[in-house]
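Inside the fold
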Amino acid sequence: MDNTVAVLIPAAGMGERLGQGPKAFVPVAGRPLLAWSLAALDRFGEELVVALPQGWQVRAQALCEPWVDLRRVRWVEGGETRQATVQRLLAASAAPWVLIHDAARPFLDEATIRALLGAVQRTSAASAYQPLVDTLVRVDDGAPVDRAGLRAVQTPQAFERRLLLRAHAEGERRGYRATDDAGLVWCLGHPIEWVLGGSHLFKVTTPADLSLAEAVAANRRFGAAT
Ligand code: CTP
Ligand code: MG
């Protein structure tokens, strides 16, 4: 069986909520967000493909090159939405397994990657998640929602490529807009295997998240932390 894994990194977003330009290149501890994910994923996957905003390839290479070995990395241009970007990433590799990780989540650990790659061999679709810790209520009537029945979805996620292609095609057909890929696969009626991620896998979305990332980075080794 061909177990080739392509690591696909959506890094083409404009970072509007953060307000510092394309987010993948905003520095944390002096290194672009994208470099953190690349360093963590360096040893996994036979192929690495990164999607960038239009016209960013030269700058992306120059900014990441001091920190990570880019020889195995291929670059593609992202799309209008994350979903469109992932479709372009999927088109750029024929590897039968894909691991997708958002450049906006810099602190990816080796244990999660390994657990995910194990899980996807069993189920063909797997995603990291984080249990919720806050009390939850509904916006419309303020009614409490039992958080034990809910999970926050994170990346990395991993899939059999054929399944994810089918999920994206079906998503397009139904006009479904998803902010992650497991959601599209779920719409096909296919089960997702959930792998416990952790709070360190948080997504840098707002300026407050960036401050948090700086604090975390100060106590973290750059590269594939275990
Ligand atoms: N992304 C992408 N292509 C897009 C939109 C998003 O590759 N057209 C990527 C981002 O680069 C990021 C991940 O998807 O790694 C999650 O998206 P998000 O956190 O929303 O990042 P941005 O879209 O850049 O931020 P914002 O929504 O605030 O503009
Ligand atoms: Mg976005």
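Scope of this entry: the structure provided in the associated data block. Since the model is a prediction, treat every value here as computed from it, not as a measurement.

**Focus: the side chain of Ser37**
If you trace the backbone, Ser37 turns up in helix H1 (residues 33–41). Given the relative accessible area of 0%, Ser37 is considered buried. Separated by 3.3 Å, the side chain of Ser37 and the backbone oxygen of Arg105 make a polar contact. Residues contacting Ser37, with those up to four places away along its chain left out, are Ile9, His101, Asp102, Ala103, Arg105 and Pro106.

**Considerations on unusual backbone geometry**
Residue Pro156 follows Thr155 across a cis peptide bond; omega there is 15°. Summarising the element assignment, Pro156 is placed in strand S10 (residues 151–160). Non-glycine residue Ala29 carries a positive phi angle of around 50°. Positionally, Ala29 belongs in the loop between strand S2 (27–28) and strand S3 (31–32). On the basis of relative accessible area, Ala29 is assigned to the partly exposed category, the value being 35%. One non-glycine residue with positive phi stands out, namely Ser124, at about 75°.

How each quantity is defined
- Residues numbered from 1 in each chain as written.
- Chains lettered and ligands numbered in written order.
- Predicted model: local features only at pLDDT ≥ 70, side-chain atom pairs only at ≥ 80, totals over all residues.
- Heavy atoms only, no water.
- Helix = DSSP H or I, 4+ residues; strand = E, 2+ residues; numbered from the N terminus.
- Buried < 20%, exposed > 50% of the residue type's maximum accessible area, 1.4 Å probe, protein only.
- Polar contact = N/O pair within 3.5 Å; in protein donor to acceptor, adjacent residues only side chain to side chain.
- Contact = heavy atoms within 4.5 Å.

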